[in-house]
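# Residue-level structural notes
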Amino acid sequence: MKKLLKAGFVLIILLAVTGVLFAAGAKETKPLNFSLSGNPDTLDPQATSGTLTFQVDKSIYDTLAEPNEKGVIVPALAESWDVSDDSLQWTFHLRKGVKFHNGDTLTSADVKATFERITDEKTASPNKKAFDVISSIDTPDDLTVIFTLSKPFAPFLGSIASGWGAILPKSLIDAGHDFDSQPVGTGPYKMTEWIRDSKVVLDKNPDYWMKGYPKLDKVIMNIIPEASVQIQGLISGQLDIVYMVGKDDLPLLEKSDDIKIVKNLTSLIMVMAINCSQPPFDDLRVRQALNYAIDKQKVLDTAYSGGKVIGTFMDYGNAYYKDFTDLYPYNPEKAKQLLKEAGVGNDVEIKMYLPQNYPPHVKAGEIYQEMLTKVGLNVKIQMVDWSTWIGDVYRKSKFDLTVIGHTGKLDPNGTLSGYGNGKYVQWYNDEAAALIEKAAVTMGYENRKAIYDKVLEIMAKEVPFVYLGSSYRTQGIRKNVKGFRMTPNLDTFDFRWTEFIDE
Amino acid sequence: MNLLLFVLKRFLRLLLTILIISTIIFFVIRVIPGDPALVVAGIDASDEEIQAIRAKLGTDAPVTVQYARWMRDLVRLDLGTSLTSGQSVKALIRQRFPLTFTLAVLGIILGVIIAIPLGVLSAVHRWSLWDYLGMVYSQAGMAIPSFWLGIILLLLFSVKFPIFPLFGSDSLKNLVLPAIALGFARAAVILRLTRASMVDELSKEYIITARAKGLTEKMINYKHALKNALIPVVTVTGIQFGYMLGGAIIIEQVFSLPGLGRLFLYAIYQRDFPLIQGGVVFIAVIFSLTNFIVDIFYSVLNPKIRIS
């Protein structure tokens with residue numbers, strides 16, 4: 001009898017276990033295989049400036065506010081916010097019942113601890129200054145956070161909504177948790193495995209505050225450095241999305257019936273930067289000549305995967321963009337004439353520094369060189385690695401010309417701040433500098449747009465750069481996948497809406 | 001001389017090597033342009049933020065202080081903390097080593113299996129079909145870039161006939177194609193050397209004596225000549241193995257493998273000083289160890305070569 005009971009008991013347990021297994025098995029959707037071309041150094045959103053980190057963290061963390069599909073900043077962890085009349089007090093009302101991946105419930109204390117951590121000298125965050133304007137953070141109740149600013153500061157909301165505004169749990173901050181390798185947020189996915197230089201595995205957060213999302217149970221970010229392997233993976237179905245397809249690989253994808261090619265405009269500002277402080281480029285005529293000498297659309301089409309030409313220092317799709325492309329159209333004859341007037345010939349050696357880790361910039365540099373040679377300039381190319389580029393070219397302005405793309409920002413202040421007052425192009429213009437500072441403390445889109453229009457006009461005329469354009473990004477996506485989004489201006493991946501369509 | 005003294009001497013030599021190498025690498029990476037704090041900071045950070053990052057990373061201290069710290073930590077067998085990832089250098093190396101080691105072992109086994117029999121056959125039957133086959137192989141092996149071979153193997157066996165995975169690092173299956181790509185080129189080098197060394201050995205006087213004594217060709221070729229011919233082969237194979245333990249950058253890149261090669265490569269790109277230093281010291285130790293093992297192999301092959 002006892003034996004029988006025991007056997008029955010075992011049977012019941014077995015049935016229960018298999019039942020659970022089957023139930024779980026039936027619900028689980030297949031994982032989405034995504035490809036990343038590099039490994040994020042850290043997943044601590046406060047410890048780095050690396051785009052890869054924020055691209056992965058977008059799925060793990062949330063911010064108080066976030067840009068929607070059109071780039072408009074909308075509520076996220078905060079349901080709403082209001083700004084006092086003097087623009088100094090920003091009150092955020094938090095969503096109720098939001099859970100961190102470790103089980104903690106989100107409260108105002110987490111928000112306070114998060115911003116205290118990023119502004120702490122010891123954290124050494126490269127984005128500290130975005131929040132330095134905060135003079136105090138008050139938490140009158142669990143769901144209300146009041147930021148008091150030391151001055152009115154319009155870009156504040158943009159910083160809150162950027163990747164570095166990610167909210168961390170206070171309990172783990174206090175415990176000195178290793179956020180570098182074990183991120184814990186409130187995001188749609190939790191990180192369950194990270195093999196550096198191989199893959200990041202994200203599992204659905206079943207308690208996510210957005211009901212019914214995310215759609216997928218699992219996203220695997222495969223770190224694949226070789227572009228041709230990514231393309232083959234997509235064609236053979238081992239990958240579902242390749243978010244950046246090079247120009248040369250497009251024909252291969254176009255041949256496949258299983259893949260759709262999606263093109264969208266990036267928020268990059270592609271430029272050839274000019275060092276304005278030293279001859280011959282301290283002469284406006286020479287900088288104008290450079291702009292006349294370049295066939296911009298041709299460079300965009302040949303070096304980058306096409307794009308929209310711009311005439312000033314703002315990305316084409318930005319709400320603050322203003323068109324100045326008529327100012328310096330492609331006109332090599334005009335360029336020659338201006339160079340002649342300025343007395344610059346090919347006896348002056350011009351050094352163009354190219355970041356070798358960005359092949360499209362290198363390619364663009366070679367085309368620039370060719371076009372500049374045609375108008376009689378003597379341009380020598382010098383390849384540098386990324387740390388040298390940042391250290392010598394960008395920080396110390398040791399260059400004549402260089403080619404780079406500036407990433408988009410949620411607020412135009414992020415793009416323009418510091419220009420007119422040196423920066424790496426060593427361009428000084430008191431009027432522009434003063435206007436940029438004024439726009440930062442001015443509230444309201446219309447008011448700010450009027451000021452930025454003027455700034456962009458000065459920059460368009462003074463040409464501290466050859467403004468090239470905003471390039472297209474080409475994505476290759478398997479046809480059975482829909483709803484993959486990239487966050488406007490931030491270029492991060494948003495898998496919340498992504499799902500497989502049943503075949 | 002006894003073995004203990006030999007090991008002790010070798011160990012002291014290793015320590016001296018590490019001291020010299022760690023000092024050279026420490027200064028070399030600080031002389032070349034580039035600052036890790038700037039890599040972490042990116043292009044939007046302010047000077048004040050960069051200063052804070054330098055303080056956190058410890059790169060704001062004078063070079064002499066940094067050198068003293070590095071030496072102090074090294075004595076304690078502590079390789080420090082990676083600047084960009086915040087992880088301990090030892091842990092990062094430990095994570096990567098098993099994969100690199102397995103790949104190197106597979107690669108070298110494959111290389112030896114192809115090279116030594118083919119090399120010996122080529123030498124014994126000079127100008128025969130075997131010899132031509134060997135020559136063609138060694139030419140191809142040295143001329144074909146492993147990058148290209150890797151891509152072709154992937155296209156064939158991961159895309160056209162999907163037997164092996166295209167990327168990933170979870171199972172031994174992921175290592176088969178990279179080991180072939182790696183072993184293919186190594187085999188070419190070992191093959192040439194085996195043939196040359198064997199040909200050389202077969203023309204020596206003691207072989208003529210052996211023949212005169214009426215030993216069978218088999219005995220002469222495989223017992224007498226081969227054993228001696230293998231000595232330089234073992235040396236080169238050992239060195240090749242040592243190289244592979246430092247990571248095979250190109251193979252890791254093509255096959256998306258998280259091995260030591262990519263770890264150290266990115267460390268250099270990012271000027272991750274402790275990781276570069278730790279990597280170089282690690283490779284130096286590995287090299288010394290393989291050399292040591294090779295020396296022991298010598299004495300097994302030829303007892304006349306005393307450990308000395």
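This brings us to the overall build of chain A. Looking only at helices and strands, one finds 15 helices and 24 strands in chain A. Its C-alpha radius of gyration of 26 Å places chain A within 12% of the 23 Å reference for a compact globule of 503 residues. Looking at chain A as a whole, 49% of its 503 residues qualify as buried. Considering only intrachain contacts with a sequence separation of at least 6, the fraction spanning at least 24 residues in chain A is 69%.

This brings us to the overall build of chain B. Counting its secondary structure elements, chain B contains 13 helices and zero strands. The linear arrangement of helices and strands in chain B, starting from the amino end, is α-α-α-α-α-α-α-α-α-α-α-α-α. Reported as C-alpha extents along the three principal axes, the dimensions of chain B are approximately 85 × 60 × 30 Å. The buried share among the 308 residues of chain B stands at 41%. In chain B, once contacts between residues fewer than 6 apart in sequence are set aside, the share between residues at least 24 apart is 73%.

Residues and elements named next belong to chain A. Here four strands make up an open sheet; going across it, the order is β4-β5-β7-β6 and the pairing antiparallel. The outermost strands of the open sheet, each flanked by one partner alone, are β4 (78-83) and β6 (134-141). The sheet shows a mean angle of 20° between the axes of neighbouring strands, direction not considered. Packing against the sheet, helix α3 (residues 108-119) makes contact with β5 (89-94), β6 and β7 (144-149), and its axis sits at approximately 165° to β6.

Residue and element names in this part refer to chain B. Where helix α8 (residues 173-202) contacts helix α10 (residues 217-245), the two axes come as close as 8 Å, and the packing angle between them is 155°. With respect to their mutual orientation, α8 and α10 come out roughly antiparallel. Considering how the two elements wind past one another, α8 and α10 form a crossing that is right-handed. The residues of α10 that touch α8, namely those facing L182, R186, V189, I190, L193, T194, S197, M198, E201 and L202, are A225, L226, N228, A229, P232, V233, V236, T237, Q240 and M244. Tallied by class, residues from the contact of α8 with α10 come to 13 nonpolar, five polar and two charged.

A word on helix α6 (residues 227-235) of chain A. Of all nine residues that make up α6(A), seven are buried, and the element is covered over most of its length. All buried positions along α6(A) are accounted for by A:V229, A:Q230, A:I231, A:Q232, A:G233, A:L234 and A:I235. For α6(A), the secondary structure elements touched by its buried residues are β1 (32-36), β11 (241-242), α7 (250-254), β12 (259-265) and β20 (465-478) of chain A together with α7 (146-160) of chain B. Once α6(A) ends, the next one or two residues include A:G237, with phi positive near 85°.

Our focus in this paragraph is the nonpolar core. By size, the foremost hydrophobic cluster in this structure holds 210 residues, and its most contacted members are A:V271 and A:F465. Examining the composition of this core, we find that 16 residues originate from one element, helix α5 (residues 89-124) of chain B, more than from any other. Aside from chain neighbours lying at most four places away, what touches A:V271 is A:I404, A:H406, A:F465, A:V466, A:Y467 and A:L468.

In this complex, chain A contributes 37 residues to the contact, which on the side of chain B involves 39 residues. Ranked by residues supplied to the side of chain A that touches chain B, first place goes to helix α12 (residues 386-394) of chain A with seven residues. Looking at the side of chain A that touches chain B, its residues break down into 11 nonpolar, 14 polar and 12 charged.

Atomic detail in the predicted coordinates should be set aside for any region of low pLDDT. A residue-level look at chain B finds 98% of positions with pLDDT of 70 or above and a mean pLDDT of 89. As a predicted assembly, this complex carries a pTM of 0.88 together with an ipTM value of 0.88.

Residue and element names in this part refer to chain B. Closest axis-to-axis distance for the α5/helix α13 (residues 273-301) pair is 10 Å, and the angle between their directions is 55°. Between α5 and α13, the angle is such that the two are oblique. Along this stretch, α5 crosses α13, giving a crossing that reads as right-handed. Residues V89, L92 and I93 of α5 form the contact with α13, whose own contacting residues are P274, L275, G278 and F282. A per-class count over the contact of α5 with α13 returns six nonpolar, one polar and no charged.

Rules and cut-offs
Residues numbered from 1 in each chain as written. Chains lettered and ligands numbered in written order. Predicted model: local features only at pLDDT ≥ 70, side-chain atom pairs only at ≥ 80, totals over all residues. Helix = DSSP H or I, 4+ residues; strand = E, 2+ residues; numbered from the N terminus. Rg over C-alpha atoms; globule rule 2.2 N^0.38 Å. Buried ≥ 20, exposed ≤ 12 C-beta atoms within 10 Å, placed from the backbone. Contact = placed C-beta atoms within 7 Å. Pairing = 2+ DSSP bridges. Axes fitted to C-alpha atoms, helices over the stretch in contact; angles between N-to-C directions. Parallel < 35°, antiparallel > 145°, perpendicular 65-115°, else oblique. Left-handed = near helix turned anticlockwise from the far one by under 90°. Nonpolar A, V, L, I, M, F, W, Y, C, P; charged D, E, K, R; others polar. Core = buried A, V, L, I, M, F, W, Y, C linked by C-beta atoms within 7 Å. pLDDT = per-residue confidence, 0-100.

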